[in-house]
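Chains, contacts and geometry: an overview
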Amino acid sequence: SGAFYAFPNVQALGHSSECLAGILLEEAGVAVLPGTAFGRNGAGYLRLSYANSMENIEKALERMSRVLTRA
């Protein structure tokens, strides 16, 4: 079995991972988890699942991109 997750470093965006997770949910309609959900060493990271269709992943990335360029 394998995992279908990405764990990108988002520190350069200038917000905590908790804040970014909230922004992405509220403004982009995309659910991600802050890295801190997996311990304090996860600060500055988000966990994204890519266990979905390419079409849905592309839509989510487009939404995230629009929001994060404003954040």
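What you are looking at is a predicted structure, and each value in this text was computed from that prediction instead of being measured.

1. A look at the confidence of the model for the chain
In this model, the chain carries a mean pLDDT of 95, and residues with pLDDT of at least 70 account for 97%. Predicted confidence in the chain is weakest over strand 1 (residues 5-6), with a mean pLDDT of 96, and strongest over strand 2 (residues 33-34), with 98.

2. Observations concerning the packing of helix 1 (residues 17-28) against helix 2 (residues 54-68)
Relative orientation of the contacting elements helix 1 and helix 2 amounts to 110°, with a least axis distance of 10 Å. Between helix 1 and helix 2, the crossing angle belongs to the class labelled roughly perpendicular. Here helix 1 runs over helix 2; the crossing is right-handed. For the pair helix 1 and helix 2, contact is made by Leu20, Ile23, Leu24, Glu27 and Ala28 and by Arg63, Met64, Val67 and Leu68, respectively. Here the contact of helix 1 with helix 2 is built from residues that sort into 7 nonpolar, no polar and 2 charged.

What counts and what doesn't
Residues numbered from 1 in each chain as written. Predicted model: local features only at pLDDT ≥ 70, side-chain atom pairs only at ≥ 80, totals over all residues. Heavy atoms only, no water. pLDDT = per-residue confidence, 0-100. Helix = DSSP H or I, 4+ residues; strand = E, 2+ residues; numbered from the N terminus. Axes fitted to C-alpha atoms, helices over the stretch in contact; angles between N-to-C directions. Parallel < 35°, antiparallel > 145°, perpendicular 65-115°, else oblique. Left-handed = near helix turned anticlockwise from the far one by under 90°. Contact = heavy atoms within 4.5 Å. Nonpolar A, V, L, I, M, F, W, Y, C, P; charged D, E, K, R; others polar.

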